[in-house]
Protein chains: 2
Amino acid sequence: VKNHKTHCYAYKEKPMNIDALLAKRTRNMETNAIREILKVVSRPGMVSLAGGIPAPDSFPMAIIGDLTAAVIARYGSGAFQYDATEGFGPLREALSGYLASLDVTAAPGEILVASGSQGVLDALGKVLISRGDDVAVEAPTYLGALSAFNPYGPTYLRMDTDENGLVPESLEEILRHHSVKFVYLVPNFQNPTGRTLPLKRRRQIARILQENDALLVEDDPYRALRYQGKDLPPIHSMAPDNVIYVGTLSKVFAPGLRIGFCVAPSPIRRWLVRVKQGVDLHTGTFSQALAAEYITSGSLGRHLPRILDLYRPRRQAMLRALQDHFPPGFAWSRPEGGMFLWVSGPAGMDMETLYEPCVRRNTAFVPGKYFYTERGEGVETMRLNFTMANGNAIERAIATMAEVIRKGV
Amino acid sequence: VKNHKTHCYAYKEKPMNIDALLAKRTRNMETNAIREILKVVSRPGMVSLAGGIPAPDSFPMAIIGDLTAAVIARYGSGAFQYDATEGFGPLREALSGYLASLDVTAAPGEILVASGSQGVLDALGKVLISRGDDVAVEAPTYLGALSAFNPYGPTYLRMDTDENGLVPESLEEILRHHSVKFVYLVPNFQNPTGRTLPLKRRRQIARILQENDALLVEDDPYRALRYQGKDLPPIHSMAPDNVIYVGTLSKVFAPGLRIGFCVAPSPIRRWLVRVKQGVDLHTGTFSQALAAEYITSGSLGRHLPRILDLYRPRRQAMLRALQDHFPPGFAWSRPEGGMFLWVSGPAGMDMETLYEPCVRRNTAFVPGKYFYTERGEGVETMRLNFTMANGNAIERAIATMAEVIRKGV
């Protein structure tokens, strides 16, 4: 082995020019600022309001050993073998029942399991977006969706939002003037704003989609994390032929299993399956079997209230701390669920100027401007996560931020 | 919920024109013939020589319960949380050691874990291929690679092969006349031919790559499945700056965990990570933790000989049955490892004509022509898998095929 190495190295005189080999789409891909921010978060001692990840103590660790044993007993080697691209049969069965409880009507065969909802979003981008195609997104919107769509080269059309989420008239206006491949929105406890579309707007949006023959990607990861108020039916239930409903078990089971899913009109689902086959053949079988067991054994139903009991006081602690510490001129959302609050400061005040001083004091958050597709929007906003830190840490972090705001700006 | 449904349905008069929404790349994607063939395989009673999947009894089921328990004890909720796109730290550490034993020098930080080697191939296509770019592949080549690359629109340049795999002069000729984004090959027990590149050719190929500043994707899934002969060093060890080495645990642990990996020159790896973030955020954490435990506990080293002991006699049974039953005019490869034999019939005889009659007799295989990028090549060839069925079933299947050949053609 050593010999031929030396031999061949002699031929090598200059390093390869890798840049010349990159695809056009790659050269156009931007650095993800959030990714850089989140790297800071893992520093010891940091109180992070920056991430969007569930608390590890929200996972059903008490039963995970039993779940794995049950899966191995029930499915044996079948839980470790290659499986259908569409998803593991027993999980699709289980999801069909779970979705029925969420007003999403879908036979098992109509459900596609993917590697996280990210996997659904990537497949949708691949199937639907050609370079330059218009995709309508909320301003602000979920960054992970943009990072799934970006490689396919869409042009984003921004839709207005207010404290009740997407403004239906803004959607209508865009569909009137543009040939949009699809509309993307997060209807419940949106990332980053925490806002939820009221029932009336859902009906309006369903009607607008139908009247315009338009396709909606309804991304609904946070729905089950409702701490107060009443669950609202998805837009999918009002216009199933026009909506791709996207869900995940990341917030109600464990994100590290990477289980997402979608219910899509069958002509699109057929292509999603073909595309997914090229991307990863199928989602991990063992993870899917665990998810099936978690749902069918009733564990999800029993465990979910514990997750809500964990997060409810954290949300409360953050709202109280903001009330107690933040100076006048600041306003924030009061979401009934989810993982995020959205804070707006005085017009023109750039929240990124707070970032460095806060991090120096071991407090991290995400400046809101990164969630906008248009430069210059949202400089006075920020996203605060309340699921990761406990109530005391949240109280301290908000107090620290308030101090930085008063002193630093 | 019922009310608004009825209400909104009234607006819906015609079905959506989904076809009009598809991306250009989607409209160009072909149906995968193999996929249709493999659907037949799952029929009860079928003896399948068609698939490319490991035998379920090759999985380490006897220790899988202990492995899951060890992972839960060692990593706790960390095995179920979101994790780094690059891969789970302990798995990258474990793979670094494993790869060293395979003559692949890579620090943990130089290894990217993906969702199967399919995940690596998709990411490579996304990072490197713009529509119309040249990619050089063996004739015949691995279909899963084509299904990963196809959506990005490459033009394939076919390279000649013989019983020793890729003919180096063919690669040299192509690199002289074309600006190739990358060369793709499977050096050991190739899918579909079972052929292995001899050491001398590996050295030639390494030199050719270096002289031409060309990039090779060296896909090496079968290497550990060697039943006789001596392991050969990868081309990566001879020209590491020019080679992306791709591996998987699917053949030595379990494919349903979807653990692949690659070692790539750092400018490419950086982009692969960014692309993968948009595709699935990261590969399943629990699966990766199981893989780490499987390697570091020594289980892989202890279990691999059992896999070889399972497959060795199956390969032997197939070679013997071919010898006993197949008519003159047929020839086949005698691979020292892997999962496949490659059979060639008399020139011009289309093996697809055997397919239906064989399936009617519960025997499935894959006509070889599907593994070629150029239509009309390889009609007289077929791929036979020897890992899935046991020796007796293989003997019967080959006898059946021989009967069909004698009677039917």
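Keep in mind it's a predicted model, so treat the numbers as computed, not measured.

Engineer: Which parts of the structure should I look at to understand helix α10 (residues 266-280) of chain A?
Structural biologist: Residues and elements named next belong to chain A. Under the 1.5 Å per step criterion, the end-to-end length of α10 is 21 Å for 15 residues, consistent within 8% with the ideal 21 Å. The element α10 is largely enclosed, with a buried count of twelve among its 15 residues. Looking at α10, one finds that the buried residues are Ile268, Arg269, Trp271, Leu272, Val273, Arg274, Val275, Lys276, Gln277, Gly278, Val279 and Asp280.

Engineer: Sorry if this is basic, but what is going on with the sheet that holds strand β15 (residues 381-385) of chain B here?
Structural biologist: Residue and element names in this part refer to chain B. One open sheet holds the four strands; their spatial order is β11-β12-β15-β14, and the pairing between them is antiparallel. Of all the strands in the sheet, just β11 (331-332) and β14 (366-367) have a single pairing partner and so form its edges. Pairing of β14 with β15 involves two bridges; the strand directions are antiparallel. When the sheet's bridge partners are listed, Val366 is paired in β15 with Arg383. Helix α12 (residues 299-325) contacts β11, β12 (340-344) and β15 of the sheet and is inclined by roughly 15 degrees relative to β12.

Engineer: Help me out: how do you make sense of the interface of chain A and chain B in this one?
Structural biologist: Accessible area lost upon the coming together of the parts serves often as the stated size of an interface. Taken together, the contacts link 98 residues of chain A with 97 residues of chain B. For the pair chain A and chain B, the two sides together bury roughly 8,400 Å², of which 60% comes from carbon and sulfur. For the pair chain A and chain B, the number of links is two salt bridges. Applying the counting criterion to the chain A and chain B interface returns 36 residue pairs in polar contact (both at pLDDT 80 or more). It is α10(A) that contributes the most residues to the side of chain A that touches chain B, ten residues altogether. Here the residues of the side of chain A that touches chain B sort into 47 nonpolar, 30 polar and 21 charged.

Engineer: Just to check I follow, could you spell out the environment of A:Tyr142 for this structure?
Structural biologist: Residue and element names in this part refer to chain A. Mapped onto the secondary structure, Tyr142 falls in the loop between β3 (134-138) and α7 (143-149). The sequence separation of Tyr142 and Val366 amounts to 224 residues, and the corresponding C-alpha distance is 13 Å. With residues up to four places along the chain from it excluded, the contact list for Tyr142 reads Gln118, Leu121, Tyr184, Val186, Asn191 and Asp219.

Engineer: Just checking my understanding: could you explain the pairing of strand β4 (residues 155-159) of chain B for this structure?
Structural biologist: In summary, the side chains of a regular strand alternate between the two faces of the sheet. Residue and element names in this part refer to chain B. The pairing of strand β3 (residues 134-138) with β4 spans five bridges and is classified as parallel. Residue pairing across strands places Glu138 opposite Met159, the latter belonging to β4. Handedness of the crossover joining β3 and β4 through helix α7 (residues 143-149): right-handed.

Engineer: Where do I start with the packing of aromatic side chains in this structure?
Structural biologist: The geometry of an aromatic ring pair comes down to the distance between the two centres and the angle between the two planes. Taken as a whole and judged by the stated rule, the model has 25 aromatic pairs over all chains. For the pair A:Phe149 and A:Tyr184, a centre-to-centre distance of 5.8 Å together with 80 degrees between the ring planes defines the contact as edge-to-face. With a gap of 35 residues between them, A:Phe149 in helix α7 and A:Tyr184 in strand β7 (residues 180-185) connect regions that are remote in the sequence. The class for A:Phe149 is buried, based on a relative accessible area of 0%. Overall, the relative accessible area of 0% leaves A:Tyr184 in the buried class. Three or more aromatic residues joined by ring pairs form one cluster here, namely A:Phe80, A:Phe286, B:Phe80 and B:Phe286.

Engineer: Which parts of the structure should I look at to understand unusual backbone geometry?
Structural biologist: The phi torsion of most residues other than glycine is negative, and most of the peptide bonds are trans. Between A:Asn191 and A:Pro192 the backbone carries a cis peptide bond, its omega angle lying at 20 degrees. Unusually for a residue other than glycine, B:Asp103 sits at a positive phi of about 65 degrees. With respect to the helices and strands, the residue B:Asp103 is situated in the loop between α5 (89-100) and β2 (111-115). Here the phi dihedral of B:Leu281 falls at roughly 65 degrees; this positive angle occurs in a residue that is not glycine. Within the element layout of this structure, B:Leu281 appears in the loop between α10 (266-280) and α11 (285-296).

Engineer: It is not clear to me how the sheet that holds strand β12 (residues 340-344) of chain A should be interpreted in this structure. Could you clarify?
Structural biologist: Strand pairing in a sheet is mediated by backbone hydrogen bonds. Such pairs are either parallel or antiparallel. Residues and elements named next belong to chain A. Read across the sheet, four strands follow the order β11-β12-β15-β14 without closing on themselves; strand pairing throughout is antiparallel. Each of the sheet's edge strands pairs with one partner strand only, and the pair in question is β11 (331-332) and β14 (366-367). Pairing of β12 with strand β15 (residues 381-385) involves five bridges; the strand directions are antiparallel. Bridging from a neighbouring strand, Val343 pairs with Met382 of β15. Where helix α12 (residues 299-325) meets the sheet, its contacts fall on β11, β12 and β15, and the angle it forms with β12 comes to roughly 15 degrees.

Engineer: Got a minute to help me understand the side chain of B:Arg223 in this structure?
Structural biologist: Residue and element names in this part refer to chain B. Looking at the secondary structure, you find Arg223 in the loop between β8 (216-219) and β9 (243-248). At 2.8 Å, the side chain of Arg223 forms a polar contact with the side chain of Asp231. The contact partners of Arg223, leaving out residues within four places of it in the chain, are Leu102, Asp103, Asn188, Phe189, Asp231, Leu232, Pro233, Pro234 and Tyr245.

Engineer: What am I meant to see in the relation of the copies chain A and chain B here?
Structural biologist: Superposition of the two copies of the chain requires a rotation about an axis together with a shift along that axis. For the pair chain A and chain B, the best superposition has an RMSD of 0.0 Å and corresponds to a rotation of 180 degrees with a translation of 0.0 Å parallel to the axis. Both chain copies can therefore be described as sitting about a two-fold axis. Interface overlap between copies is the fraction of interface residues in one copy that are interface residues in the other; for chain A against chain B it reaches 99%, indicating a shared surface.

Engineer: How do you make sense of the pattern of salt bridges when you look at a structure like this?
Structural biologist: Close approach of charged atoms allows side chains with opposite charge to pair. Scanning the model with the defined rule gives 36 salt bridges over all chains in all. The closest approach of N and O atoms between A:Asp57 and A:Arg314, which form a salt bridge, is 3.7 Å. Of this pair, A:Asp57 sits in the loop between β1 (47-48) and α4 (61-75) while A:Arg314 sits in helix α12, placing them 257 residues apart in sequence. Residue B:Asp122 pairs with A:Lys126 through a salt bridge whose shortest N-O separation is 2.8 Å. Of this pair, B:Asp122 sits in helix α6 (residues 116-128) while A:Lys126 sits in helix α6 (residues 116-128), placing the two residues on different chains. A single burial state applies to B:Asp122 and to A:Lys126, both of which are buried. Among the ionic contacts, a cluster of salt bridges with common partners joins A:Arg158, A:Asp160 and A:Glu377.

About the criteria used
- Residues numbered from 1 in each chain as written.
- Chains lettered and ligands numbered in written order.
- Predicted model: local features only at pLDDT ≥ 70, side-chain atom pairs only at ≥ 80, totals over all residues.
- Heavy atoms only, no water.
- Helix = DSSP H or I, 4+ residues; strand = E, 2+ residues; numbered from the N terminus.
- Expected span 1.5 Å × (residues − 1).
- Buried < 20%, exposed > 50% of the residue type's maximum accessible area, 1.4 Å probe, protein only.
- Pairing = 2+ DSSP bridges.
- Contact = heavy atoms within 4.5 Å.
- Axes fitted to C-alpha atoms, helices over the stretch in contact; angles between N-to-C directions.
- Buried area = accessible area lost by both parts, 1.4 Å probe.
- Salt bridge = Lys/Arg side-chain N within 4 Å of Asp/Glu carboxyl O.
- Polar contact = N/O pair within 3.5 Å; in protein donor to acceptor, adjacent residues only side chain to side chain.
- Nonpolar A, V, L, I, M, F, W, Y, C, P; charged D, E, K, R; others polar.
- Right-handed = clockwise from strand over helix to strand, strands pointing away.
- Phe/Tyr/Trp six-rings, centres within 6.5 Å; stacked < 30°, edge-to-face > 60°.
- Least-squares fit on C-alpha atoms with pLDDT ≥ 70 in both.

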